Amino acid sequence: QVQLVESGGGSVQPGGSLSLSCAASGSIFSINAMGWYRQAPGKQRELVAMTTVLGSTNYADSVKGRFIISRDNAKKTVSLQMNSLKPADTAVYYCNADAVTTPSYRLLEVWGQGTLVTVSS
C-alpha cells in the first residue's frame, strides 16, 4: 500500500500565493514521476505540474511562470508553490505519483485525497 497525504491549500485573494505539499508513505521502493493535477467544478481533471526523479519538470501552459514544483526524493515529498493566483486557479488539487512498490516491484499510480484551493476577492 502507498498513500499520498496532501497539506496546504485554502482561500486567497487574486494575486496572492499558496503552497501545497504532498508526502508519500507505505511500501515504496522508488517513485518515478510525482506532481499535481487539479479539477475545477464542471471540468475534467488536468495536469498542473509534474517532476521526474531526475528533476525534469513539466507545467501546464496556464501556470507557467507562476507555479513552481519542487521535490525531495529522500523525503518522498513534492511541493507546489503557487504565485499570482487567479480565480481560474480555483479547483481541488490532487497529488499524483507513479510508485514502484515493495516487495513486488509493481508500478502503481497513486492519488491523494485532494485539497481545495479557492481564489476569490
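Cut-offs applied
Residues numbered from 1 in each chain as written. Predicted model: local features only at pLDDT ≥ 70, side-chain atom pairs only at ≥ 80, totals over all residues. Heavy atoms only, no water. Helix = DSSP H or I, 4+ residues; strand = E, 2+ residues; numbered from the N terminus. Buried < 20%, exposed > 50% of the residue type's maximum accessible area, 1.4 Å probe, protein only. Contact = heavy atoms within 4.5 Å. Polar contact = N/O pair within 3.5 Å; in protein donor to acceptor, adjacent residues only side chain to side chain. Phe/Tyr/Trp six-rings, centres within 6.5 Å; stacked < 30°, edge-to-face > 60°. Lys NZ or Arg CZ within 6 Å of the ring centre and 35° of its normal. Pairing = 2+ DSSP bridges. Axes fitted to C-alpha atoms, helices over the stretch in contact; angles between N-to-C directions. Disulfide = S-S within 2.5 Å.

A.B. asks: Help me understand the environment of Gln 81 in this model?
C.D. replies: With respect to the secondary-structure elements, Gln 81 resides in strand S8 (residues 77-82). Among the residues examined, Gln 81 registers a relative accessible area of 29% and is labelled partly exposed. Among residues more than four places away in sequence, those in contact with Gln 81 are Ser 17, Leu 18, Ser 19, Arg 66, Phe 67 and Ile 68. Separated by 2.9 Å, the side chains of Gln 81 and Asn 83 make a polar contact.

A.B. asks: Honestly, the packing of aromatic side chains in this entry has me stumped. Any pointers?
C.D. replies: Pairs of aromatic rings are described using the distance from one ring centre to the other and the angle between the two planes. By the definition in use, this model includes 3 aromatic pairs. Centre to centre, the rings of Tyr 37 and Trp 111 are 5.0 Å apart; their planes meet at 65°, and the pair counts as edge-to-face. In this pair, Tyr 37 is assigned in strand S4 (residues 28-39) and Trp 111 in strand S10 (residues 107-111), connecting sequence segments 74 residues apart. Assessed through its relative accessible area of 32%, Trp 111 is described here as partly exposed. Sitting over the ring of Tyr 94, Arg 45 keeps its end group 3.7 Å from the ring centre. Against the face of Trp 111 rests Arg 45, its NZ or CZ located 4.6 Å from the ring centre.

A.B. asks: Help me understand the sheet that holds S8 in this model?
C.D. replies: Strand pairs in the sheet, formed through backbone hydrogen bonds, run parallel or antiparallel to each other. With respect to topology, 4 strands assemble into an open sheet ordered S1-S3-S8-S7, the strand pairing being antiparallel. On the outer flanks of this sheet lie strand S1 (2-8) and strand S7 (67-72), each paired with one strand and no other. Each neighbouring strand pair of the sheet contributes to a mean axis angle of 15°, computed without reference to strand direction. Relative to S8, strand S3 (residues 18-26) runs antiparallel, the two sharing 6 bridges. Its bridge partner lying in S8, Leu 18 is registered against Met 82.

A.B. asks: Is there a simple way to explain the state of the cysteines in this structure?
C.D. replies: What we call a disulfide is simply a covalent bond connecting the sulfur atoms of a pair of cysteines. For the structure shown, the criterion picks out 1 disulfide. A sulfur-sulfur distance of 2.0 Å marks the disulfide that ties Cys 22 to Cys 95. With the S-S bond torsion at -85°, the cross-link from Cys 22 to Cys 95 turns out left-handed. Here Cys 22 is found in strand S3, whereas its partner Cys 95 is found in strand S9 (residues 91-101), with 73 residues between them in sequence. In this structure, Cys 22 and Cys 95 share a single accessibility class: buried.

A.B. asks: Please explain the side chain of Thr 101 as it appears in this structure.
C.D. replies: With respect to the helices, strands and loops of the structure, Thr 101 is situated in strand S9. Only 3.3 Å separates the side chain of Thr 101 from the side chain of Ser 104, close enough to count as a polar contact. Contact partners of Thr 101, with chain neighbours within four places excluded, come to Val 2, Ser 27, Phe 29, Arg 106 and Leu 108.

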